[in-house]
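Chain by chain, the residues run as shown.
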Amino acid sequence: MSDATQIVERLRAAKAPAGRLAILKAYAAENDGRGTTGTYEFESNATTIGVDVPDIAKECGEFLKGTGGDASLRFLCLAVAFNGLRRAYQADEARGILERATTEFGNVPLFGHFLAMALDGGSAADMRKGLAVAEKAHRELPDNAGAAHTCAVLIADLASREDLANKAEELDRALKLVDEAIALESTKGRFYHTRARIKRLLADYDGANSDIAKALELERDSNDAAERRGVYLIERAMIEADRHISSFAKEARDSAKRLTEESHTANTELKRETKELRKTLEASQIQAIEVIGFVTAILGLVMATLGEIKGQSPQDALTVLAGVAVLLFGAVFFGSWMLRRRMGK
């Protein structure tokens, strides 16, 4: 039987708040969460107490409003109250617990981890502040799987809101952080759920499906298992939705590219055919002009020579005829050459 199970049974059996406080005091004397090692087990046990023992979170919250008790007991009560309220989805009350204790425990590394979790789910500015706090807590709590996990969660949440400048790079960093958390504690379904989210955002849909299946397998026994499994099932649906959206987007891009290429090919072919048709029309025009010029030259030759050869000898007439022919046909051919040259430009 684990320490958490034993203390939960004892706390349930002790109905009066004073009796419960005495049990917590004895536990805190042997388990001080204000250090830098062993804090993950302390946090997990405090969370179990806050979730599994009815009304204990509120009782611890009330105790913290006073000034009694030693620091180790007060910090245990803070951990129980904060995590119990947070897991009961009373985020404002949980955050209020931390705000009232900032002066008292603000320099405790695990308190920074709690504060980072409280800032998650707020505005983008809150989550960026939370990430900075979480990263500091992660550096100070090297063996706390939850500290690494919280950093990954905040990065994933900011990425989902498109509030990261280097989204892919940051998601890769988040993946390493959640891998670190799983290496330290491999039995937490929520760690696999976070990794599934990150893989979905990185478009690794097969990997995301594998992790969400593992999360569902592990999340069976806790008091809030039903709520967590509901969240995981929603994530699984989102993985499949994003997979289909990504597939449709790729098909749309491929179709657009194919249409662009086909349009370019058709446009090139049209230009080529237009150029060939123009050449054909120009050649026909030149031939028509040459024929007209040739006929005109013949007529001019006939008319010109008829007037010149009257009364002349056949030899002189032939000489005149040849000269006129050379001039007229030379003019026709020269004009045709100039026309071809001009149209060929």
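Our subject is the structure that appears above.
The structure contained in this document is the topic of the report that follows. (Residues numbered from 1 in each chain as written. Predicted model: local features only at pLDDT ≥ 70, side-chain atom pairs only at ≥ 80, totals over all residues. Heavy atoms only, no water.)

Details of the pattern of salt bridges
Part 1: Within the structure shown, the criterion is met by 18 salt bridges.
Part 2: Here D32 and R34 are joined by a salt bridge, their closest N and O atoms 2.7 Å apart.
Part 3: Look at D32 and you get partly exposed, because its relative accessible area is 38%.
Part 4: The closest approach of N and O atoms between D211 and K199, which form a salt bridge, is 3.0 Å. Remark: K199 occurs in helix α11 (residues 189–201) and D211 occurs in helix α12 (residues 205–218); sequence separation between them is 12 residues.
Part 5: Residue class for K199 comes out buried when judged on its relative accessible area of 15%.
Part 6: The network of salt bridges with shared partners includes D179, R195, K199 and D211. (Salt bridge = Lys/Arg side-chain N within 4 Å of Asp/Glu carboxyl O. Buried < 20%, exposed > 50% of the residue type's maximum accessible area, 1.4 Å probe, protein only. Helix = DSSP H or I, 4+ residues; strand = E, 2+ residues; numbered from the N terminus.)

Overview of the packing of aromatic side chains
Part 1: Counted under the stated rule, the structure contains four aromatic pairs.
Part 2: Between F42 and F75, the ring centres sit 6.0 Å apart and the planes meet at 15°, which makes this aromatic pair stacked. Placement of the pair is F42 in helix α3 (residues 39–52) and F75 in helix α5 (residues 71–87), with a sequence separation of 33 residues. No difference in accessibility class separates F42 from F75, as the two residues are buried.
Part 3: What links up through ring pairs into an aromatic cluster is the set F42, F75, F82, F105 and F114.
Part 4: A cation over a ring is seen here: R74 above F63, with NZ or CZ 5.8 Å from the ring centre. (Phe/Tyr/Trp six-rings, centres within 6.5 Å; stacked < 30°, edge-to-face > 60°. Lys NZ or Arg CZ within 6 Å of the ring centre and 35° of its normal.)

Thoughts on unusual backbone geometry
Part 1: Phi angles above zero are rare outside glycine, and Y89 is one such case at about 60°.
Part 2: If you trace the backbone, Y89 turns up in the loop between α5 and α6 (91–105).
Part 3: We classify Y89 as exposed; its relative accessible area is 58%.
Part 4: The phi torsion at A203 lies on the positive side, around 70°, for a residue other than glycine.
Part 5: Inspection of the secondary structure puts A203 in the loop between α11 and α12.

Things to note about the nonpolar core
Part 1: Residues L24, I49, F75, L76, L78, F111 and F114 are the most contacted members of the largest nonpolar core, which totals 39 residues.
Part 2: Setting aside residues no more than four positions away along its own chain, F111 makes contact with F75, L78, L98, A101, T102, F105 and G106.
Part 3: Residues A152, A156, L171 and L177 belong to the second largest nonpolar core, which totals 19 residues. (Core = buried A, V, L, I, M, F, W, Y, C linked by side-chain atoms within 4.5 Å. Contact = heavy atoms within 4.5 Å.)

Coordinates in, geometry out; function isn't part of it.
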